[in-house]
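Analysis of the macromolecular model
Single-letter residue listing:
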Amino acid sequence: MERIESIELDIVGQVNAFRARHNRAPLIHHRQLSDVAREHSRDMADRGYYAHIDPDGVTPDQRIQRTFAPRLVSTGSAENIAYRQEIGNRANLLHDQMTLIGVGVYASGDKVFATQKFMDYLVEIIDPQAGAQIGSDDASFIVRVNPRRIIPQRLVVKVNLPDPTATRCSSATVAETRHMISALNTRYGKPVMRRTARV
């Protein structure tokens, strides 16, 4: 497995080197996106097909939504696949709107399949607490915004109250919301911790 991951990271490096030669910003390696790519490579090898759409009719976008929704707001995605050849759909490799990359390689016998997933996003919610659920009444989350897509001066944060029938917001919630907005506006490219306060 370590050798496969090394190959995958090498492909990411080659893609970013190719983009640099064409004056494109580097893509950010995303481990979960690599998991999605690797699973598609494995599925192609195991079920004997070579296509973006699997035999059940699942599309590349649906694979991303199944994995990331509602934790990530995606604004677009693309996919390259390869079997015993170099991955290289030039349009996807140089796509201006993509910011994340995941690469998944799967080998079975003499078969080697590889998938590249490209994605752009606005906001990603990362849950550092095991078992915490989005929408729970007391949970902490890290919110990462895409600095290439979000202009700090225009950032608007909407916080839903834990109780939909509540008519007031506690001072703690107000204070923490203001703190989060301030932090995002000054450090918009870095993860910021938010706690949902009880009402």
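Residues numbered from 1 in each chain as written. Predicted model: local features only at pLDDT ≥ 70, side-chain atom pairs only at ≥ 80, totals over all residues. Heavy atoms only, no water.

1. Some details on the overall build of the protein
Summing up its helical and strand segments, the protein has five helices and six strands in all. Its helices and strands in sequence order give the protein the pattern α-β-α-α-β-α-β-β-β-α-β, from N to C terminus. Of the contacts made within the protein by residues no fewer than 6 positions apart, 67% connect residues no fewer than 24 positions apart. As presented, the protein carries roughly 11,400 Å² of accessible surface, and 51% of it is formed by carbon and sulfur atoms. (Helix = DSSP H or I, 4+ residues; strand = E, 2+ residues; numbered from the N terminus. Contact = heavy atoms within 4.5 Å. Areas by Shrake-Rupley, 256 points an atom, 1.4 Å probe, with all protein chains shown as cover.)

2. Remarks on the packing of helix 2 (residues 31-47) against helix 3 (residues 60-68)
Helix 3 packs onto helix 2 with a crossing angle of 130° between their chain directions and a minimal axis gap of 11 Å. As the angle between them shows, helix 2 and helix 3 are arranged oblique. In the crossing of helix 2 with helix 3, the sense of the turn from one axis to the other is right-handed. Contacts between helix 2 and helix 3 pair Gln32, Leu33, Val36 and His40 from the former with Arg63, Ile64, Thr67 and Phe68 from the latter. Looking at the contact of helix 2 with helix 3, its residues break down into four nonpolar, three polar and one charged. (Axes fitted to C-alpha atoms, helices over the stretch in contact; angles between N-to-C directions. Parallel < 35°, antiparallel > 145°, perpendicular 65-115°, else oblique. Left-handed = near helix turned anticlockwise from the far one by under 90°. Nonpolar A, V, L, I, M, F, W, Y, C, P; charged D, E, K, R; others polar.)

3. Regarding the pattern of salt bridges
For the structure shown, the criterion picks out ten salt bridges. Across the salt bridge formed by arginine 38 and aspartate 35, the nearest N and O atoms sit 3.0 Å from each other. Note that arginine 38 and aspartate 35 are positioned in helix 2 at a spacing of three residues, about one turn of the helix. Classification of aspartate 35 by relative accessible area gives partly exposed; the value is 43%. A salt bridge links glutamate 39 to arginine 42; its shortest N-O distance comes to 2.4 Å. With a gap of three residues between them, glutamate 39 and arginine 42 both fall in helix 2, about one helical turn apart. Taking relative accessible area as the criterion, glutamate 39 reaches 40% and is therefore assigned partly exposed. One salt-bridge network, held together by shared partners, links Asp43, Arg47, Asp54 and Asp56. (Salt bridge = Lys/Arg side-chain N within 4 Å of Asp/Glu carboxyl O. Buried < 20%, exposed > 50% of the residue type's maximum accessible area, 1.4 Å probe, protein only.)

4. A short note on helix 2
For helix 2, spanning 17 residues, the distance from its first C-alpha to its last is 24 Å, which sits close to the expected 24 Å at 1.5 Å a residue. Glycine 48 sits one or two positions beyond helix 2 and adopts a positive phi of about 70°. (Expected span 1.5 Å × (residues − 1).)

5. Here's the deal with unusual backbone geometry
A positive phi is found at asparagine 23, a non-glycine position, where the angle reads about 55°. The topology assignment puts asparagine 23 in the loop between helix 1 (2-21) and strand 1 (28-29).

6. Concerning helix 3
Among all positions in helix 3, only Pro60, Arg63, Ile64 and Phe68 are buried. Looking straight down helix 3, one finds that the buried residues subtend no more than 110° of arc, so they occupy a single side. (Arc of directions from axis to C-beta.)

7. Examining the confidence of the model for the protein
In regions of low pLDDT, the predicted coordinates are not meant to be interpreted in detail. Within the protein, residue pLDDT values average 76, and 63% of them lie at 70 or more. Across the protein, element-level confidence peaks in helix 2 with a mean pLDDT of 95 and bottoms out in strand 6 (residues 192-195) with 39. With pLDDT under 50 throughout, residues 166-174 is counted as low confidence; its partners more than four residues away or in other chains account for eleven contacts. Segment residues 185-199: pLDDT under 50, and 53 contacts once partners within four positions in sequence are set aside and those in other chains are kept. (pLDDT = per-residue confidence, 0-100.)

8. Side note on the nonpolar core
Within the largest apolar cluster, 15 residues are counted, with the highest numbers of intra-cluster contacts made by Val15, Leu27, Ile101, Val103, Val105 and Phe118. Sorting the residues of this core by element identifies helix 1, strand 3 (100-108) and strand 4 (111-126) as the ones contributing at least two each. When residues of this core are assigned to their parent elements, the largest contribution, five residues, is made by helix 1. Excluding its chain neighbours within four sequence positions, the residues that come into contact with valine 103 are Glu8, Ile11, Val12, Ser34, Ala37, Arg38, Thr115 and Gln116. Membership of the second largest hydrophobic core comes to eight residues, among which are Ile64, Phe68, Leu72 and Met119. (Core = buried A, V, L, I, M, F, W, Y, C linked by side-chain atoms within 4.5 Å.)

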